[in-house]
Amino acid sequence: MSHVVVVGGGFAGVWAAAAAARVRGESDLRITLIAPGKDLVLRPRLYEPEPERATVALKRILEPVGVEHVRAAVQDIDVDGRVVIADGRPVEYDRLVLAAGSRLVRPDIPGAERLFDVDTLEGAQRLRGHLRGRDGYTAVVVGAGFAGLEIATELAGRGRVVLVEKADEIAPDLGLGPRPVIEVALDRLGIERRLGTSVAEVTEGGALLAGGSPIPADAVVWTAGLEASPLTSRIPGDRDRLGRLKVDTRLRAHPHVFAAGDVAAARADDGHWTVQSCQHAVPMGKTAGHNAAADLLGVQLIDFAPAPYVTDVDLGAAGGVYTRGWDRLVALSGAEGKWVKRWLMDKIHPPVDDAATILAHAGVVTTPIPF
Ligand SMILES: Cc1cc2nc3c(=O)[nH]c(=O)nc-3n(C[C@H](O)[C@H](O)[C@H](O)COP(=O)(O)OP(=O)(O)OC[C@H]3O[C@@H](n4cnc5c(N)ncnc54)[C@H](O)[C@@H]3O)c2cc1C
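Please read these numbers as outputs of a predicted model, since none were measured by experiment.

### A short note on the overall build of the protein chain
Part 1 of the argument: Counting its secondary structure elements, the protein chain contains eight helices and 25 strands.
Part 2 of the argument: For the protein chain, the spread of C-alpha atoms along the principal axes amounts to about 60 × 45 × 35 Å.
Part 3 of the argument: Here the protein chain holds 371 residues, and 51% of them are scored as buried.
Part 4 of the argument: Sequence separation of 24 or more characterises 64% of the internal contacts of the protein chain that already satisfy a separation of 6 or more.
Part 5 of the argument: Element-wise, carbon and sulfur atoms account for 50% of the exposed surface of the protein chain, whose accessible area totals about 15,800 Å².

### Topic: the pairing of strand β9 (residues 95-98)
Part 1 of the argument: The side-chain alternation of β9 yields two buried faces, one formed by Arg95 and Val97 and the other by Leu96 and Leu98.
Part 2 of the argument: Bridge count for β9 against strand β21 (residues 257-259) is three bridges, and the pairing is parallel. Looking across to β21, one finds that Leu98 is bridged to Ala259.

### Points about the site of the ligand
Part 1 of the argument: The environment of the ligand is formed by 30 residues, the closest being Arg43, Val74, Asp262, Cys278 and Lys341.
Part 2 of the argument: Contacts to the ligand include Cys278, whose backbone N or O atom sits 2.8 Å from an oxygen atom.
Part 3 of the argument: Lys341 is positioned with one of its side-chain polar atoms (N or O) 2.9 Å from an oxygen atom of the ligand.
Part 4 of the argument: Taken by itself the ligand offers 1,000 Å² of open surface, and the protein chains cover 85% of this.
Part 5 of the argument: Elements with a minimum of two residues in the shell around the ligand: α1 (11-24) and α6 (278-297).

### Quick look at the packing of α1 against helix α8 (residues 355-362)
Part 1 of the argument: Between α1 and α8, whose axes approach to 8 Å, the crossing angle comes to 100°. Overall, the two elements α1 and α8 adopt an arrangement that is roughly perpendicular. Between α1, through Trp15, Ala18, Ala19, Ala21 and Arg22, and α8, the contact on the second element is made entirely by Ile358, Leu359, His361 and Ala362.
Part 2 of the argument: Its residues assigned to classes, the contact of α1 with α8 shows seven nonpolar, one polar and one charged.

### As for the sheet that holds β9
Part 1 of the argument: In space, the six strands of this open sheet follow the order β5-β2-β1-β9-β21-β20, with mixed pairing throughout. In this open sheet, the two edge strands, each paired with only one partner strand, are β5 (68-70) and β20 (252-254). Mean inter-strand twist for the sheet, computed between neighbouring axes without regard to direction, equals 25°.
Part 2 of the argument: The sheet strands contacting α1 are β1 (3-7), β2 (30-34) and β9, and the helix crosses β2 at an angle near 175°.
Part 3 of the argument: Along the sheet face, α6 touches β1, β9, β20 and β21 and points at about 175° away from the line of β9.

### A closer look at the domain arrangement of the protein chain
Part 1 of the argument: Domain boundaries in the protein chain define domain 1 (3-103 + 226-310) and domain 2 (106-222).
Part 2 of the argument: Here domain 1 and domain 2 have C-alpha centroids that lie 31 Å from each other.
Part 3 of the argument: Among the residues domain 1 hides against domain 2, the three largest losses belong to Leu46, Tyr47 and Pro49. Together they make up 54% of the total.
Part 4 of the argument: For Arg43, the salt bridge goes to Asp119, with nearest N and O atoms at 2.6 Å.
Part 5 of the argument: The tally of links from domain 1 across to domain 2 stands at three residue pairs in polar contact (both at pLDDT 80 or more).
Part 6 of the argument: Counted by class, the side of domain 1 that touches domain 2 contains eight nonpolar, one polar and four charged residues.

Conventions we followed
- Sequence order as written defines residue numbering, which begins from 1 separately in each chain.
- Local features in this predicted model are restricted to residues whose pLDDT is 70 or higher, and side-chain atom pairs enter the listing and the counts only when it is 80 or higher, whereas totals over whole chains, interfaces and linings include all residues.
- Only hydrogens and water are set aside when side-chain values are computed; all heavy atoms of the structure are taken into account.
- Numbering of helices and strands runs from the N terminus, with a helix taken as a DSSP run of H or I at least four residues long and a strand as a DSSP run of E at least two residues long.
- Three labels apply to residues, based on accessible area from a 1.4 Å probe with only protein chains included: buried if under 20% of the type maximum, exposed if over 50%, partly exposed otherwise in between.
- Pairs of residues are marked as contacts when any of their non-hydrogen atoms sit within 4.5 Å.
- Computed by Shrake-Rupley with a 1.4 Å probe, the accessible areas treat only the displayed protein chains as cover when residues are assessed.
- Only strands that DSSP links by at least two bridges are regarded as paired with each other.
- Throughout, the term near means that a residue has one or more heavy atoms lying within 4 Å of the molecule or strand in question.
- Any pair of nitrogen or oxygen atoms within 3.5 Å is treated as a polar contact; in protein, a donor-acceptor pairing is required on top of that, and neighbouring residues in sequence qualify only through side-chain atoms on both sides.
- Helix axes are fitted only over the stretch in contact, all axes being lines through C-alpha atoms; the angle between N-to-C directions runs from 0 to 180 degrees.
- Every angle not falling under 35 degrees, over 145, or within 65 to 115 is termed oblique; those three ranges are roughly parallel, roughly antiparallel and roughly perpendicular.
- Just so you know the grouping, Ala, Val, Leu, Ile, Met, Phe, Trp, Tyr, Cys and Pro go in nonpolar, Asp, Glu, Lys and Arg go in charged, and all remaining residues, Gly too, go in polar.
- Here the bounds of each domain stem from an automatic or database domain assignment.
- A simple way to read buried area is as the amount of 1.4 Å-probe accessible surface that goes missing from two parts once joined, with both sides added.
- In what follows, salt bridge is the name for a side-chain nitrogen of Lys or Arg lying within 4 Å of a carboxyl oxygen of Asp or Glu.

Here is the structure:
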């Protein structure tokens, strides 16, 4: 009996397992997903006030489609022996889908252990617990990218927020298109900016900026920088500056290994590289899972073909900003931008319990956004 092993229970891993199950049909292909947690964590929703709502039980997706879940963390991958080591035990595979995601790059500064984050469910819950009941707090948010803007604008409702960004402008990766809308939103919410600097130390009473100026604060939230899972280093081949494996159009990283989601860099639409986002992790997972099973069963493999790139940043009480294309031209802002964001956040919830619905979704790789 052939065995597909998926490492990771995020968007990419879950959809890889479901897509492999769809290709399996009546064959005896065995599919195992290895991930330590019991839930799929919807990381894009962790900035919301109740982060514990941003989870879906993995068994409600995997059990109906006949995927075994091994609750363990993978420490090593031997591509020659086709075996992964999960909590010290070997698990052999015929095809592997690596979908172990990404993690926040934590800075090496004094007091780093005091930093809060919204990268993991535990991190987001810790931040909320810490600020609960402290209306009028001051929060320092480090990094004015997607995650930093969303948590900063969310927290601005009940306290003072200072946004620290090492670039000389906010949203450096979002480009010129949405920046004016974001600037207006930050002004409206009273969010202070410290640009061209970073936090050099986290103290009991707040943050010290490079150069020494202190910002007294109740919480310092670090959002700057994601890196791919270190498991990518176990697969021979090229990696990019984020540690992502460069994969081909079928998301193959090595003869028996496919990679999807935040661990992989693939060509998306218009020749751009994929970005670490669920809008790419979902179709990458579906493509990699299909191809891993298809490779074993003699079924036609498919090329990765994501929908055209869009972005949407939640700007708290100031609405949202929705952009289209790689130049990120603003399509909707304010209440309309926020409405689309809510729509997108609802859409990332996978269907549960019903095998036919889950397998049908697994077969739709390219889902254009209708806005
Ligand atoms: C605050 C925040 C806001 C975001 N906002 C957006 C947004 O608005 N839009 C958007 O498209 N994207 C957004 N993203 C990015 C998006 O969340 C990620 O790109 C997406 O989660 C990637 O999915 P993934 O399955 O590749 O990895 P992950 O979601 O990181 O999942 C990885 C999985 O692998 C498991 N795992 C890790 N290591 C191991 C191991 N050694 N062994 C076994 N299992 C392992 C983990 O437990 C997890 O189950 C945001 C991310 C953050 C942090």
